[in-house]
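Chain residues, written in single-letter form:
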Amino acid sequence: MVVVRGVDLTPEQQIELAARIGNPVPFVLKDWRHPEFDEILVSSNERRNDKPLGISRVGNFWHQDSSFNERPPEYTMLHGVNVPQDCGHTLFASACDVYDRLPDEWRTKLEGRVGLHTLSKQQRIGPEHVGLSIAEMRTLVTLQYPPVEHPVIRRDGFTGRNYVYAAREYMDSVAGFDPNDNAAFFDLVDRLVQDPAHVYTHRWTPRDLLVWKTATTYHVATELPPGVSRTVHRVSIAAA
């Protein structure tokens, strides 16, 4: 993960900078994109001309970016366009560190296992869902964004370290686990990821630029108090 403080970037410049790392790719959900630049996801609770500037409350749960994609982009770039400095922090944890702290019995139990990743738990309700039952809505989301499979334990190609690729909110289950095993696994991952001794808290300052590897980095956006505005621009970057 890289943190650079106080970088003035226009949307065009952010996309150009991202292109030096890899290939900027539009976010999977079209309604969340910048009105002029498909490559930018606008995360914002602000309004302009009585319209939302972006999508609010994005990533307010621990996750690894875009794991619900068959081929998730390798990097995420986040630019603090308008950020408070005393709240709205972002927390980060290493998926490699999570693997290192797995109990031995869980390492054995997870060897060769596959996780079923899905967007269904976090899909926002839209106009197309009006009048549908909960079961019908879930079926529609599954058809739009079919579950994808990823190994639960993966190896980082650069460092050679193993890491855990699994987060409760972007996963349905571990294939072959019964409900009790799945619940125990997700509870374990949550405890390891959220251990304060192993979490980096990024306290934003204006125009901070953050870049991280999506697969090996867990993160969560913290809640904002009422009346506090926040806007960040995110670009997903596929390896060149």
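Okay, so let's go over this structure. (Residues numbered from 1 in each chain as written. Predicted model: local features only at pLDDT ≥ 70, side-chain atom pairs only at ≥ 80, totals over all residues. Heavy atoms only, no water.)

Counted under the stated rule, the structure contains 2 cavities of 30 Å³ or more. Its volume calculated, the largest cavity comes out at about 170 Å³. Lining the largest cavity are 15 residues, and of these Val58, Gly59, Leu78, His219 and Ala221 lie nearest its centre. Per element, the largest residue contribution to the lining of the largest cavity is 3 residues, and it comes from strand S15 (residues 217-221). Classifying every residue of the lining of the largest cavity gives 7 nonpolar, 5 polar and 3 charged. When its volume is computed, the second largest cavity comes out at roughly 40 Å³. With 3 residues, the single largest contributor to the lining of the second largest cavity is helix H5 (residues 179-194). Class assignment for the residues of the lining of the second largest cavity results in 6 nonpolar, no polar and 2 charged. (1 Å grid on protein atoms, 1.4 Å probe; cavity = no way out; pocket = protein on both sides within 12 Å on 5 of 7 lines; lining within 4 Å. Points joined across faces, edges and corners; volume = space filled by probe spheres on them. Helix = DSSP H or I, 4+ residues; strand = E, 2+ residues; numbered from the N terminus. Nonpolar A, V, L, I, M, F, W, Y, C, P; charged D, E, K, R; others polar.)

It is worth spelling out the layout of surface pockets at this point. By volume, the largest pocket amounts to about 480 Å³. In terms of lining residues, the largest pocket is bounded by 27 residues, among which Arg71, Pro72, Pro73, Glu74 and Thr214 are the most central. Broken down by element, the lining of the largest pocket gets its largest block of residues, 3 residues, from strand S16 (residues 231-239). Considered class by class, the residues forming the lining of the largest pocket number 13 nonpolar, 7 polar and 7 charged.

Mapped onto the elements, Asp181 comes out in helix H5. Those residues in contact with Asp181 that sit more than four places away from it in its chain are Trp106 and Lys109. (Contact = heavy atoms within 4.5 Å.)

Turning our attention to helix H1 (residues 11-21). Because an α-helix packs 3.6 residues into every turn, residues spaced three or four apart end up facing the same way. If you check which residues of H1 are buried, you get Pro11, Gln14, Ile15 and Ala18. Angular distribution of buried residues about the axis of H1 spans 95 degrees; they occupy a single face of the element. Summarising the contacts, the buried residues of H1 are in contact with strand S2 (22-25), strand S3 (40-44), strand S6 (75-82) and S16. (Buried < 20%, exposed > 50% of the residue type's maximum accessible area, 1.4 Å probe, protein only. Arc of directions from axis to C-beta.)

This part covers the sheet that holds S15. Pairing is antiparallel across the open sheet formed by 3 strands, whose spatial order is S13-S7-S15. In the strand order of this sheet, the two ends are held by strand S13 (200-202) and S15, each with one partner. Adjacent strand axes in the sheet meet at a mean angle of 25 degrees when their direction is disregarded. Two strands pair when backbone bridges link them, and strand S7 (residues 90-94) and S15 are joined in this way by 5 bridges, in the antiparallel orientation. (Pairing = 2+ DSSP bridges. Axes fitted to C-alpha atoms, helices over the stretch in contact; angles between N-to-C directions.)

A few words on the environment of Asp172. Considering the arrangement of structural elements, one finds Asp172 in strand S12 (residues 171-174). The exposure class of Asp172 is partly exposed, given its relative accessible area of 47%. For the pair Asp172 and Val148, spaced 24 residues apart in sequence, the C-alpha to C-alpha distance is 9.9 Å. Residues contacting Asp172, with those up to four places away along its chain left out, are Leu116, Thr118 and Phe186. For Asp172, the side chain forms a polar contact with the side chain of Ser173, separated by 2.9 Å. (Polar contact = N/O pair within 3.5 Å; in protein donor to acceptor, adjacent residues only side chain to side chain.)

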